[in-house]
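The chain contents come next:
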Amino acid sequence: MAPPIRLQLPPRDPRAELQSRLQDAPMEHAEALLSALDLLQALHDRGALDLMRGAAGSCDKVLEIVVEAANAPESIRGARNLIVMVNAIGAIDPEALATCARAVPSALGAMTQPARPPSLWRLMSDFLWDKDVRRGHLALVALLRSLGRSMAAGAGTGRTEPEP
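These numbers come from a predicted model, not from an experiment.

### Brief notes about the overall build of the chain
Of regular secondary structure, the chain possesses 8 helices and 0 strands. Starting at the N terminus and ending at the C terminus, the chain contains elements arranged as α-α-α-α-α-α-α-α. Here the chain holds 164 residues, and the buried ones make up 2% of them. Surface summary for the chain: the accessible area is close to 15300 Å², and the carbon and sulfur share equals 65%. Across the chain, 18 positive and 19 negative side-chain charges occur, with their mean positions spaced 11 Å apart.

What follows is the structure, encoded as structure tokens:
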């Protein structure tokens, strides 16, 4: 029987491996290192590094201020209102919203053009007989009807003012 082959691996030195990688890094990543140094210099020139150093040194105080502001009733209501608005916007049909969005610039343009005020007869005739104005009325009436229905449903809960 043959004698066993002894395998002698040199002890692994992680510090030496890191040192080797660190020595090779400037050659392998020269462009990235130069870019990072430029960015670092720009941050230093504008005082951003001092600001970050100050924020890191007083992070407990900054965190305390943020938590205090987040616990304010206005912040809580704001967060809840933001969630409600996101849900409302998500429920809108994109085509209907696009139609309304296309109408706004031309309406604003017509409102801001310097012109003589229309006569009372012109306003009344547009109000009563213009098909586009009647379509707008229908949209406003539908919006008011839906708003009134929602308000009536909310009145059944007995709430007279919004929750804090």
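### Comments concerning the packing of aromatic side chains
One pass over the structure, following the stated rule, counts 1 aromatic pair. Centroid distance Trp-121 to Trp-129: 6.1 Å. Interplanar angle 50°. Geometry classified as tilted.

### Comments concerning the packing of helix α2 (residues 30–45) against helix α3 (residues 48–57)
Closest axis-to-axis distance for the α2/α3 pair is 5 Å, and the angle between their directions is 80°. Taken together, the axes of α2 and α3 lie roughly perpendicular to each other. Packed against α2, whose contacting residues are Leu-40, Leu-43 and His-44, the element α3 presents Ala-48, Leu-49 and Met-52 at the interface. Taken together, the residues that form the contact of α2 with α3 break down as 5 nonpolar, 1 polar and no charged.

### Side note on the pattern of salt bridges
Pairs can form between side chains of opposite charge whenever their charged atoms are close. In total, this model carries 5 salt bridges according to the counting rule given. Here Asp-50 ties to Arg-53 by a salt bridge, and the two come within 3.2 Å at their closest N and O atoms. With Asp-50 and Arg-53 both in helix α3, this residue pair falls 3 residues apart, about one helical turn. Residue class for Asp-50 comes out partly exposed when judged on its relative accessible area of 42%. What makes Arg-53 exposed here is its relative accessible area of 56%. Among the ionic pairs, Arg-122 bridges to Asp-126, the shortest N-O distance being 3.1 Å.

### Comments concerning the confidence of the model for the chain
Per-residue confidence for the chain gives a mean pLDDT of 86, with 94% of residues at or over 70. Mean pLDDT values over the elements of the chain span from 86, in helix α1 (residues 14–28), up to 93, in helix α5 (residues 73–91).

### A look at helix α8 (residues 131–155)
In a regular helix each residue adds 1.5 Å, so 25 residues correspond to 36 Å; α8 covers 36 Å between its end C-alpha atoms and thus fits that length. The opening residue of α8, the one whose side-chain oxygen lies 2.8 Å from the backbone nitrogen of Asp-132, is Asp-130.

### Focus on the environment of Val-84
Following the sequence through the fold, Val-84 ends up in helix α5. Distance in space between the C-alpha atoms of Val-84 and Met-1 is 82 Å, their sequence separation being 83 residues.

### Some details on the environment of Glu-64
Relative to the elements of secondary structure, Glu-64 occurs in helix α4 (residues 59–70). Among the residues examined, Glu-64 registers a relative accessible area of 45% and is labelled partly exposed. Through-space distance from the C-alpha of Glu-64 to that of Ala-79 is 19 Å; in sequence the pair is 15 residues apart.

Calculation rules
Residues numbered from 1 in each chain as written. Predicted model: local features only at pLDDT ≥ 70, side-chain atom pairs only at ≥ 80, totals over all residues. Heavy atoms only, no water. Helix = DSSP H or I, 4+ residues; strand = E, 2+ residues; numbered from the N terminus. Buried < 20%, exposed > 50% of the residue type's maximum accessible area, 1.4 Å probe, protein only. Areas by Shrake-Rupley, 256 points an atom, 1.4 Å probe, with all protein chains shown as cover. Lys, Arg positive; Asp, Glu negative; His and termini not counted. Charge placed at Lys NZ, Arg CZ, Asp CG, Glu CD. Phe/Tyr/Trp six-rings, centres within 6.5 Å; stacked < 30°, edge-to-face > 60°. Axes fitted to C-alpha atoms, helices over the stretch in contact; angles between N-to-C directions. Parallel < 35°, antiparallel > 145°, perpendicular 65-115°, else oblique. Contact = heavy atoms within 4.5 Å. Nonpolar A, V, L, I, M, F, W, Y, C, P; charged D, E, K, R; others polar. Salt bridge = Lys/Arg side-chain N within 4 Å of Asp/Glu carboxyl O. pLDDT = per-residue confidence, 0-100. Expected span 1.5 Å × (residues − 1). Polar contact = N/O pair within 3.5 Å; in protein donor to acceptor, adjacent residues only side chain to side chain.

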